[in-house]
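# Fold and geometry: a report
One letter stands for each residue in the lines below.
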Amino acid sequence: MLAAPLPAGATGAASAPPAVRAVVPEARAAGHGQLSWFGLRAYEARLWVEPGFRQGRFEEHAFALELTYAMEFGAAQIARRSLEEMRRGGPLADADALRWEAALRMVLPDVRPGDRITGIHSPGRGALFLFNGRSIGAIEDPAFARLFFGIWLAPGTSQPRLREALLAGTAP
């Protein structure tokens, strides 16, 4: 998979969507980019952060990561791939991986082009998920949230260019 920043001005407004502002009231756009897979655009990603957000301590902050899909993916496929990527973030017990993959399969929907899944990080609590702006569930586990959002934001991500694009407007 290849990650690339979007052209300047490609994402439009810098104001967070209402569903994001409801949970992270002071959210501001930090960065955006896209993920391509074998030359096909899989999704565009956009990061919304609160004032004072620090890249090196992302797990201590409230933020939202919005993915706008350009391809169809099944919920099981998204959950499976998420767990594969989460394992890059550090040791992951098999029991946790099984529990978290099952939770993701229950929370996440199948997606089609144009659908948006937004993950909202709640420090010390876990992750809330929105589908096209509507709440679809939560996984209340801070360890899950750290590894899940680390897919895009941790230094060991498999997509360093996308990470750089998402964190472009944030402090180290």
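The shown structure was predicted, so the numbers you read here are calculated from the model rather than taken from an experiment.

## Some words on the overall build of the protein chain
For the protein chain, the helix and strand inventory stands at five helices and seven strands. Moving toward the C terminus, one meets the helices and strands of the protein chain in the order β-α-β-β-β-α-α-β-β-β-α-α. Relative to the globule expectation of 16 Å for 172 residues, the C-alpha radius of gyration of the protein chain, 15 Å, shows essentially globular dimensions. Each principal axis of the C-alpha atoms in the protein chain carries an extent, and together these give about 40 × 35 × 30 Å. In the protein chain, which comprises 172 residues, the proportion classed as buried is 46%. Considering only contacts within the protein chain whose residues lie at least 6 apart along the sequence, 61% involve residues at least 24 apart. With an accessible surface of roughly 8,400 Å², the protein chain has 54% of that area assigned to carbon and sulfur atoms. On the protein chain, the mean spot of the 19 positive side-chain charges and the mean spot of the 17 negative ones are 3 Å from each other.

## Quick notes on the pattern of salt bridges
Enumeration over the complete set of coordinates arrives at eleven salt bridges. We note a salt bridge from Glu66 to Arg46, for which the minimum N-O separation is 3.2 Å. Taken as a pair, Glu66 in strand S4 (residues 63-69) and Arg46 in strand S3 (residues 40-49) lie far apart in primary sequence, 20 residues in all. Of the two residues, Glu66 and Arg46, both sit in the buried class.

## Quick look at the confidence of the model for the protein chain
Predicted coordinates in areas of low pLDDT are best not read in detail. On average, the protein chain scores 92 in pLDDT, and the residues at 70 or more come to 92%. Every residue in residues 1-13 is under pLDDT 50, and counting partners more than four places away or in other chains gives 30 contacts.

## Side note on the side chain of Glu66
For Glu66, a relative accessible area of 4% puts it in the buried group. Apart from the residues lying within four places of it in its own chain, the contact partners of Glu66 are Pro17, Glu44, Ala45, Arg46, Trp48, Arg116, Ile117 and Thr118.

What counts and what doesn't
- Residues numbered from 1 in each chain as written.
- Predicted model: local features only at pLDDT ≥ 70, side-chain atom pairs only at ≥ 80, totals over all residues.
- Heavy atoms only, no water.
- Helix = DSSP H or I, 4+ residues; strand = E, 2+ residues; numbered from the N terminus.
- Rg over C-alpha atoms; globule rule 2.2 N^0.38 Å.
- Buried < 20%, exposed > 50% of the residue type's maximum accessible area, 1.4 Å probe, protein only.
- Contact = heavy atoms within 4.5 Å.
- Areas by Shrake-Rupley, 256 points an atom, 1.4 Å probe, with all protein chains shown as cover.
- Lys, Arg positive; Asp, Glu negative; His and termini not counted.
- Charge placed at Lys NZ, Arg CZ, Asp CG, Glu CD.
- Salt bridge = Lys/Arg side-chain N within 4 Å of Asp/Glu carboxyl O.
- pLDDT = per-residue confidence, 0-100.

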